[in-house]
Amino acid sequence: MNQEKIVDISMLGPFTVAYRGSSVRESRYKDALPWQLMKYLAANYPRKIGNDELAYGLWDNGKSFEESEGAIRVRLRRLRESLNTIGLGNCRTGLVRSEDDSFFLSPDYAVRTDLQQIRQFVRFASEKSQSPQSRVAACRQALRLFRGRYLELSSPAAWMEPGRTESRKLFCDLTQITIELSPADPTGQSLMQLAERALLVVPDEVFVNTEIIRQLLAQGHFSHAVSHYSALTRILAGRQQTLPELSVFDQRRLAHETHPIEYPRQAAKAAGRAGSW
């Protein structure tokens, strides 16, 4: 792979395009519409996308062909202006090309998405023939790429659902593998990294997060378990989802342990505040 032509695209968290050490990121408040075009092309890479499909995917609101074609051209021009800041905006040699009423990411560049790389790391970590240390390292690499939810600054749309479904499944698979491999990581760094990312990626997955809390307690990382529990209850506040009190997780641990853990005073206070729903 030509190292000079690699373009890294982050689909997880704020949408970002990086090239040769520089990057450009979508903003929550500015120029959101041109980035929708780029996201659609990245989500469907390496396919060429026709004007009709692109218009339907981006609007689906009854715009006429003439209206949608004009709007796409305006978005394309503004998108190229943004990409030009990292050297990818040229209409002939840049990243986004158009040809015969179709749009695509140029094959002159090697496009890598974070989701694509996570697939590879999770596949490697799943291979029991690999050493536990190598599998832990792959888990940590995958977790590093989970910077947030799939296209998290975008309004929901049907074309995003496959990516959102896959990213959640990959994270759940990664959770299971990381917990399985936790004995091979005595420092607990992978488990702590998992807890941090879970709050960004799947804060509404109660089962996943409660399992992480249970594992943190089981391995003696009490302060991290309390922090995760408190953050999770704040995130879930106002939703019709509840957590058991923190003491319940300790009882689950005690079923497998001889000696109970001593609750620090501040931890007991946090558990009392967070556990009363």
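Read on for a plain summary of the structure. Not measured: the values here are computed from a predicted model.

**Some points on the overall build of the protein chain**
In terms of regular secondary structure, the protein chain is built from eleven helices and seven strands. Counting all 277 residues of the protein chain, 47% fall into the buried class. Considering only intrachain contacts with a sequence separation of at least 6, the fraction spanning at least 24 residues in the protein chain is 62%. Entry remark: accessible area of the protein chain is about 14,400 Å², with carbon and sulfur atoms responsible for 48%.

**Let's talk about the sheet that holds strand β3 (residues 22–25)**
What the four strands build is an open sheet, ordered β3-β2-β1-β7; its pairing is mixed. Each end of this open sheet is capped by a strand with a single partner; those strands are β3 and β7 (110–113). Strand-to-strand twist in this sheet, taken as the mean axis angle between neighbours without regard to direction, amounts to 20°. Sheet analysis places strand β1 (residues 6–10) next to β7, joined by four bridges and oriented parallel. Residue pairing across strands places I9 opposite T113, the latter belonging to β7. Its contacts with the sheet place helix α4 (residues 114–125) against β1 and β7, and it is angled at close to 70° to β7.

**Quick word on unusual backbone geometry**
The residue after Y45, namely P46, is reached through a cis peptide bond having omega 10°. Following the sequence through the fold, P46 ends up in the loop between α1 (32–43) and β4 (49–50). Positive phi outside glycine occurs at L151, with the angle close to 45°. Here L151 shows up in the loop between α5 (132–145) and α6 (161–180). The buried category is assigned to L151, whose relative accessible area is 0%.

**Focus on the nonpolar core**
Counting 75 residues, the largest nonpolar core has I9, F15, V17, M38, L83, L88 and L95 as the members making the most contacts within it. Leaving out residues up to four positions away in the same chain, F15 has contacts with I9, S10, V24, R25, E26, W35, M38, K39, A42 and L151.

**A word on the pairing of β1**
Of all five residues in β1, four are buried, a share of seventy percent or more. The pairing of β1 with strand β2 (residues 16–19) spans four bridges and is classified as antiparallel. When the sheet's bridge partners are listed, V7 is paired in β2 with Y19.

**Notes on the environment of R112**
Tracing the chain through its elements places R112 in strand β7. By relative accessible area, which is 27% here, R112 ends up partly exposed.

**With respect to the packing of aromatic side chains**
Enumeration according to the criterion identifies four aromatic pairs in this entry. Between F146 and F171 the ring centres are 5.1 Å apart and the planes differ by 85°, which places this aromatic pair in the edge-to-face class. Here F171 lies in helix α6 and F146 lies in the loop between α5 and α6, a separation of 25 residues in the sequence. Over the ring of Y109 we find K5; its NZ or CZ atom is 4.6 Å from the centre of that ring. Against the face of F104 rests K48, its NZ or CZ located 4.7 Å from the ring centre.

**Here's the deal with the packing of helix α8 (residues 206–218) against helix α9 (residues 222–236)**
Contact geometry for α8 and α9: axes closest at 8 Å, N-to-C directions at 160°. Here α8 is positioned roughly antiparallel relative to α9, judged by the angle of their axes. Remark: the crossing between α8 and α9 carries left-handed chirality. Counted together, V206, N209, I212, I213, L216 and L217 of α8 and F222, H224, A225, H228, Y229, L232 and L236 of α9 form the full contact between these two elements. Looking at the contact of α8 with α9 residue by residue, the classes come out as ten nonpolar, three polar and no charged.

**Concerning α8**
Look at α8: 18 Å from first C-alpha to last across 13 residues, which is about the 18 Å you get at 1.5 Å a residue. Buried residues of α8: V206, V208, N209, T210, I212, I213, Q215, L216 and L217, and no others. Within two residues after α8, G220 carries a phi angle of roughly 85°, on the positive side.

**Let's talk about α1**
Between the first and last C-alpha of α1 there are 16 Å, a value that for twelve residues agrees with the 16 Å anticipated at 1.5 Å per step. When we look at burial in α1, the residues that qualify are P34, W35, Q36, L37, M38, K39, Y40, L41 and A42.

Calculation rules
- Residues numbered from 1 in each chain as written.
- Predicted model: local features only at pLDDT ≥ 70, side-chain atom pairs only at ≥ 80, totals over all residues.
- Heavy atoms only, no water.
- Helix = DSSP H or I, 4+ residues; strand = E, 2+ residues; numbered from the N terminus.
- Buried < 20%, exposed > 50% of the residue type's maximum accessible area, 1.4 Å probe, protein only.
- Contact = heavy atoms within 4.5 Å.
- Areas by Shrake-Rupley, 256 points an atom, 1.4 Å probe, with all protein chains shown as cover.
- Pairing = 2+ DSSP bridges.
- Axes fitted to C-alpha atoms, helices over the stretch in contact; angles between N-to-C directions.
- Core = buried A, V, L, I, M, F, W, Y, C linked by side-chain atoms within 4.5 Å.
- Phe/Tyr/Trp six-rings, centres within 6.5 Å; stacked < 30°, edge-to-face > 60°.
- Lys NZ or Arg CZ within 6 Å of the ring centre and 35° of its normal.
- Parallel < 35°, antiparallel > 145°, perpendicular 65-115°, else oblique.
- Left-handed = near helix turned anticlockwise from the far one by under 90°.
- Nonpolar A, V, L, I, M, F, W, Y, C, P; charged D, E, K, R; others polar.
- Expected span 1.5 Å × (residues − 1).

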